[in-house]
Amino acid sequence: QVQLVESGGGLVQPGGSLRLSCAASVSIVGFYFMGWYRQAPGKQRELVASMTSTGDTNYADYVKGRFTISRDNAKNTMYLQMSSLKPEDTAVYYCNLYNAWPRREYWGQGTQVTVSS
C-alpha cells in the first residue's frame, strides 16, 4: 500500500526552526490536496497548512507567516518549514494526501514536535 514516511521532528527551543518532510511511495502529482495537520494530547486534530495541486496554499491564522508548506514533485515529498516556533506548536504532526474522486486518502505515521526550553 501507499506509505507516507515523516521525518524531521524533534525537540527545539522557542524561536527555533524545524523542517518536516513527508516522503510518499506514490506520485504526489495526482492528489488534489496535500496538508499538514497537528494534534496535541487531549485536543482535536487540526489543519495547519495545505496546498492544492494547482499550487494554492492556505494556513491557519496562528501559523501564518511562520510556517511554509512546499513540495518537490520529483522526490514525491512534501515539506513543512516551521520557524519562530512557540510552545503551543508542540504536537504530533501528520502529513496527508487526499483526492475526492477517485477517492483516496493517505496519512503519515506522525512525528513529534516539542517546543520547550
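Everything quoted here is computed from the prediction, not taken from an experiment. (Residues numbered from 1 in each chain as written. Predicted model: local features only at pLDDT ≥ 70, side-chain atom pairs only at ≥ 80, totals over all residues. Heavy atoms only, no water.)

Student: Just to check I follow, could you spell out the pairing of strand S5 (residues 46–52) for this structure?
Tutor: In the case of a regular strand, side chains alternate between the two sheet surfaces. For S5, the buried fraction is high: 5 of the 7 residues fall into the buried class. With antiparallel pairing between neighbouring strands as the criterion, strand S4 (residues 33–39) and S5 make up a hairpin whose turn holds 6 residues, including Gly42 at a positive phi of roughly 75°. Sheet analysis places S5 next to strand S6 (residues 57–59), joined by 3 bridges and oriented antiparallel. For Met51, the partnering residue across the bridge sits in S6 and is Thr57. The hairpin turn running from S5 into S6, its antiparallel successor, is 4 residues long, and Gly55 in that turn takes a positive phi close to 100°. (Buried < 20%, exposed > 50% of the residue type's maximum accessible area, 1.4 Å probe, protein only. Helix = DSSP H or I, 4+ residues; strand = E, 2+ residues; numbered from the N terminus. Pairing = 2+ DSSP bridges.)

Student: I tried to follow the state of the cysteines on my own but got confused; where do I start?
Tutor: What is meant by a disulfide is a covalent connection between two cysteines, made through their sulfur atoms. Taken as a whole and judged by the stated rule, the model has 1 disulfide. What pairs with Cys22 in a disulfide is Cys95, and their sulfur atoms sit 2.0 Å apart. Classification of the bridge connecting Cys22 and Cys95 rests on its S-S torsion, roughly 60°, and on that basis the disulfide is right-handed. Here Cys95 lies in strand S9 (residues 91–99) and Cys22 lies in strand S3 (residues 18–24), a separation of 73 residues in the sequence. Judged by relative accessible area, Cys95 falls into the buried class, the value being 0%. (Disulfide = S-S within 2.5 Å.)

Student: Help me understand the packing of aromatic side chains, please; the structure alone is not making it clear to me.
Tutor: What describes a pair of aromatic rings is the distance from one ring centre to the other and the angle between the planes of the rings. Applying the stated criterion across every chain, the model contains 2 aromatic pairs. With 5.9 Å between their ring centres and 75° between their planes, Phe31 and Tyr106 make a pair best called edge-to-face. Taken as a pair, Phe31 in the loop between S3 and S4 and Tyr106 in strand S10 (residues 104–107) lie far apart in primary sequence, 75 residues in all. A residue is classified by how much of its surface remains accessible, and Phe31, at 2% relative accessible area, is buried. Judged by centre distance (4.9 Å) and plane angle (55°), the rings of Tyr37 and Trp107 are tilted. Within this pair, whereas Tyr37 is found in strand S4, its partner Trp107 is found in strand S10, the two being separated by 70 residues in sequence. Of the residues examined, Trp107 reaches a relative accessible area of 34% and is grouped as partly exposed. (Phe/Tyr/Trp six-rings, centres within 6.5 Å; stacked < 30°, edge-to-face > 60°.)

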